[in-house]
Amino acid sequence: MSAKKAKTAPAASRTRGGKAAADPAARHYAGGVVDDIMVVGVGGQGVIVAAAIIADAALLHGGLEVKLSETRGMSQRGGSVSSHIRIGATVIAPSISPGEVDYLLAFEAAEGLRLAPSVVPGGVTIVNTQQIVPPLAAQGEHSYPFDAVARLDDGSRRLTVVDGNAVAAQVGDLRVAGVVLVGALSTHLPFAVETWERAIARNVPASWLEMNRAAFAAGRGVGDA
Amino acid sequence: MDTHLMLGNEAVARGAWEAGVQVAAAYPGTPSTEIVANLAKYDGVYAEWSTNEKVGYEVAFGAAVGGVRALTAMKSAGASVAADPLISSVYTGICGGLVVIVAGDPGMSSGMTEQDDRYFGRISNMPMLEPADSQECHDFTRLAFALSETYDVPVMVRLSIQTAHQKSLVRVGERDAVARRDPGRHADKYCLLPKFSRPLHASLLARVARLRDYAEASPLTRVEPGTGAFARIGVVTSGAAYISAREALPGATFLKLGIVHPLPLEAIKRFAATVERLFVVEELEPYLEEQILAAGVAVEGKQWFSPLGELTPVRVGRGFYAAGLDLPRWAQQKAAEDDSVIPRPPVLCTGCPHRGMATAMKKLDLDVHGDIGCYDLTSLPPVSHMHAAVEMGASIPMEQGFTRAGGSKKGSLAVIGDSTFLHSGLTGLLNAVHQRTNVTVLIQDNSITAMTGGQTNPGNEKTLAGAQTKPVDLAGICRALGVEHIVTVDPYDYEACLEALKAGLACDGPAVIITNRPCMLFPRKVGADGIYEVDAELCNACQQCMKLGCPSMHHAAAVFKKRHKVDIDASTCTGCSLCAQLCTPGAIKKAGDA
Ligand SMILES: Cc1ncc(C[n+]2csc(CCOP(=O)(O)OP(=O)(O)O)c2C)c(N)n1
Ligand code: SF4
Ligand code: SF4
């Protein structure tokens, strides 16, 4: 679990009573702690669905407030996409402030590199090795950072590197790569596996549920490593 | 109780449905699109994508005058388009409740402008509510219908993109059974002739006074007592700025305004008397600040909080810090991202039907007066061919004016999409024809309103409600407007694009060119029609194909004369063939044709 900054819940919500002992989430979120989770990637990669699964896991767990905000603009046209999810006993703003990300889940390597400065010291960065080179790279002015993962792995952060596509291919289909990444994140959050599975069921077509469950489990394996 | 995580816009739709809304009419626009898109999913609601915001407003207004509850929704620019009925309907009032949603975009994440829509309240005297989260979006919309009928006036709910596009929890309720009211027949109410409109203006002002009394006592004008070190700091705020201010300075004492026109100035004065230092936190213009100052209350505001862009918690926090408050969380400006990483702006999709013409216009070096749609993405590198793209419908009249100003050597033209042409292009073309100006107009017809996510328009066979309808014939419209030179062209045929443009520019009289390929994403994703591949032997790295900016093409590792050869991503190429047509050495071929 990452170091927590004392955030800003009103005094009334700070004491959480007897439930705290039994419920790991209540303990985790006691004292006004808010988990700030940012999912980033490229339009079309499934960032929005991943965010919905994470938010639903917190909601299905119960007793927590969840707020979410998404990149606005034309995410379907191959631009950068980001989704902010904030979970706590009380949450005020739906967006995460710069430098306060507790968990960065990057679906694409360069996007991970771009948002890395926003992670709080001691926060967790999970990066997918997939690289999507934007057309702009061919124009000469900017070059694509093919060394993004290596640059992230400079010893200054808690980093998990996932080859989401490889794991998804093993599971059976590249399209479940996003759920592999959610699985890798899930070990850091205080929700039961069954809760995650219910959250996944809410967000994927029924015929894909088994494959997504397997993808989630495989991702959890990576996250534990 | 039933609680859901909802987008602000979804919550507005839910609140309207619960309030018994029966007619919803709007033109899409970020960030308001999801409101009517969601209302269309509820039973008992007639919902439509209207041709433009003024039409949408008037359809909803007509339904309200006809005795049922009705809603219209628009982005800021749409409120400008609909400003005429927006102002006039406050004079007439309504019969069934009318709620007008206006969603602004501080920060301009969808481009255009970041105008402060709260001034629509002042200019029209329409009462205006401003929710801060999804629960309030839901509750305020419900309340707005009730207020509309109580005060016989349309009620505006003003959203900011932050409110419209965040998700938070909403306790939902059931739908009220609201019977149609008897519309009667009231010329003195609905005919704005001087005889009627003069007394109507007087009663409008009297109504504003009554609404101000309502705002003074309303639970929407809410004091939230502070705690701790900042309890003596008072903050007057509303909407998205309230959320940011609460996050930035949680212990302060807040006066949270839910009604921003007319303002409860007495409540503000009373609040001011209870605190040591009074701040106004508001996005964009000093709208509250100026009215509070005019009421004789000293307040600090825009000297700390910028009038530019979105007021995020960090920007509000930095403002309070600059004002001398001891706030360690905001003491330092922290980096949000690494700016040195290659930017990734949105681009035209692989196989987009707009790409061929954009590249052809660039080749001919024309002065292009664009309009608003996906084709604007070609105003950025590598195509960068556009000279103007300002507001919907501007392309053709601007081209006419430019031609009247003397035009340009290489030629100029107007470029407009099908949805935008039907929104506000027709009258511009009619004018140019009538004035006998030799304009050239390219209608990029992809048979959908694409940029906002694929909404139907009169060019489609289906309406929003799914009913079969007759698609409009764009060439037929142009012919009826008096254009004689009308050419339809396949935008995947690069030579044909060049020829059509040249012929249109050379034509003595107004000329219209219409493209005929559908959008790749909407209404459904178009699959590949064969794919193309690069013969690495033949590729001489000339970079001609890279001028297209196709996201499926990238540089290969191989280099020829210091330049990268190119490669095509087989999993995403849709087979439009444009790159093959631009390839001089003939290195790009249809896969399998080698
Ligand atoms: C007055 C106004 N209303 C709505 C919008 C939002 N908007 C921007 S582009 C667009 C659709 C354009 O469709 P079309 O002209 O067919 O071009 P396409 O995106 O399909 O290429 C809309 C609705 C706007 N910018 N201004
Ligand atoms: S959504 Fe359609 S019109 Fe817009 S860029 Fe993609 S293919 Fe082109
Ligand atoms: S044929 Fe060429 S330009 Fe067309 S989609 Fe494929 S790679 Fe892109």
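About the cut-offs
Residues numbered from 1 in each chain as written. Chains lettered and ligands numbered in written order. Predicted model: local features only at pLDDT ≥ 70, side-chain atom pairs only at ≥ 80, totals over all residues. Heavy atoms only, no water. Helix = DSSP H or I, 4+ residues; strand = E, 2+ residues; numbered from the N terminus. Rg over C-alpha atoms; globule rule 2.2 N^0.38 Å. Buried < 20%, exposed > 50% of the residue type's maximum accessible area, 1.4 Å probe, protein only. Contact = heavy atoms within 4.5 Å. Areas by Shrake-Rupley, 256 points an atom, 1.4 Å probe, with all protein chains shown as cover. Lys, Arg positive; Asp, Glu negative; His and termini not counted. Charge placed at Lys NZ, Arg CZ, Asp CG, Glu CD. Near = heavy atom within 4 Å. Polar contact = N/O pair within 3.5 Å; in protein donor to acceptor, adjacent residues only side chain to side chain. Pairing = 2+ DSSP bridges. Axes fitted to C-alpha atoms, helices over the stretch in contact; angles between N-to-C directions. Buried area = accessible area lost by both parts, 1.4 Å probe. Salt bridge = Lys/Arg side-chain N within 4 Å of Asp/Glu carboxyl O. Expected span 1.5 Å × (residues − 1).

(A) Here's a closer look at the overall build of chain B. For chain B, the helix and strand inventory stands at 20 helices and 23 strands. Against the compact-globule benchmark of 25 Å for 594 residues, chain B has a radius of gyration of 27 Å, which places it among compact chains. Taken over 594 residues, chain B has a buried fraction of 57%. Put simply, 73% of the contacts in chain B that link residues at least 6 apart link residues at least 24 apart. Entry remark: accessible area of chain B is about 23,600 Å², with carbon and sulfur atoms responsible for 54%. Mean positive and mean negative side-chain charge positions of chain B (55 and 63 charges, respectively) differ by 1 Å.

(B) Inspection of the site of ligand 1 at higher detail. Residue and element names in this part refer to chain B. Ligand 1 sits among 25 residues. The nearest are Glu53, His354, Cys374, Asp418 and Thr420. His354 is positioned with one of its side-chain polar atoms (N or O) 2.7 Å from an oxygen atom of ligand 1. Interatomic distance of 2.9 Å between a backbone N/O atom of Ala450 and an oxygen atom of ligand 1. Its free accessible area being 590 Å², ligand 1 has 98% of it covered by the protein chains. Looking at the shell around ligand 1, the elements with two or more residues in it are α4 (76–81) and α17 (418–434).

(C) Quick look at helix α18 (residues 474–481) of chain B. Residues and elements named next belong to chain B. With six of its eight residues buried, α18 lies for the most part within the structure. When α18 is considered as a whole, its buried residues turn out to be Leu474, Ala475, Gly476, Ile477, Cys478 and Leu481. Looking at the buried residues of α18, the elements they touch are α17, β17 (440–444), β18 (485–489) and β19 (511–515). The backbone nitrogen of Ala475 has a side-chain oxygen 3.2 Å away, supplied by the residue at the start of α18, namely Asp473. One or two steps after α18, the chain reaches Gly482, where phi turns positive at roughly 110 degrees.

(D) Representation of the sheet that holds strand β4 (residues 101–106) of chain A within the structure. The strand order across the open sheet built from eight strands is β6(A)-β5(A)-β4(A)-β1(A)-β3(A)-β2(A)-β8(B)-β1(B), with neighbouring strands paired in mixed fashion. In this open sheet, the two edge strands, each paired with only one partner strand, are β6 (158–162) of chain A together with β1 (3–7) of chain B. Averaged over all adjacent pairs, the angle separating strand axes in this sheet is 20 degrees, with direction ignored. Sheet topology note: the strand β2 (residues 65–70) of chain A/strand β3 (residues 80–88) of chain A ladder contains six bridges and is antiparallel. Of the residues in β3 of chain A, the one forming a bridge with Val66 of chain A is Ile87 of chain A. Here helix α3 (residues 47–61) of chain A sits on the sheet in contact with β1 (34–42), β2, β3 and β4 of chain A together with β1 and β8 (166–171) of chain B, set at roughly 5 degrees to β3 of chain A. Where helix α7 (residues 177–186) of chain A meets the sheet, it contacts β1, β4, β5 (119–128) and β6 of chain A, and its direction lies at approximately 155 degrees from that of β4 of chain A.

(E) Up close: the interface of chain A and chain B. Of the residues lining the interface, 50 residues belong to chain A; the matching set on chain B comes to 44 residues. Buried area between chain A and chain B, both sides added, is near 4,200 Å², and the carbon and sulfur share of it is 62%. Between the two partners, chain A and chain B, sit four salt bridges. Linking Glu247 of chain B and Arg86 of chain A is a salt bridge whose minimum nitrogen-to-oxygen distance equals 3.1 Å. The interface formed by chain A and chain B contains 14 residue pairs in polar contact (both at pLDDT 80 or more).

(F) Expanded view of helix α10 (residues 194–217) of chain B. Residue and element names in this part refer to chain B. In this model, α10 (24 residues) spans 35 Å end to end at C-alpha, consistent with the 34 Å of a helix rising 1.5 Å per residue. Burial in α10 covers these residues: Phe196, Ser197, Leu200, Leu204, Arg207, Val208, Leu211, Ala215 and Glu216. On the buried face of α10, the contacting elements are α5 (83–92), α7 (134–151), α9 (187–190), β9 (221–224), β12 (259–261) and α12 (265–273).

(G) Broad picture of the sheet that holds β19 of chain B. All names here are of chain B. Read from one edge to the other, the open sheet built from six strands follows the order β15-β14-β16-β17-β19-β18, with strand pairing classed as parallel. The outermost strands of the open sheet, each flanked by one partner alone, are β15 (386–388) and β18. Between one strand axis and the next, the sheet turns through 30 degrees on average, direction left out of account. Pairing of strand β14 (residues 367–369) with β15, which is carried by two bridges, proceeds in the parallel orientation. Paired with His369 across the two strands is Ala388, which belongs to β15. The strands that helix α16 (residues 395–404) touches are β14, β15, β16 (412–417) and β17; relative to β16, the one it contacts most, it runs at about 175 degrees.

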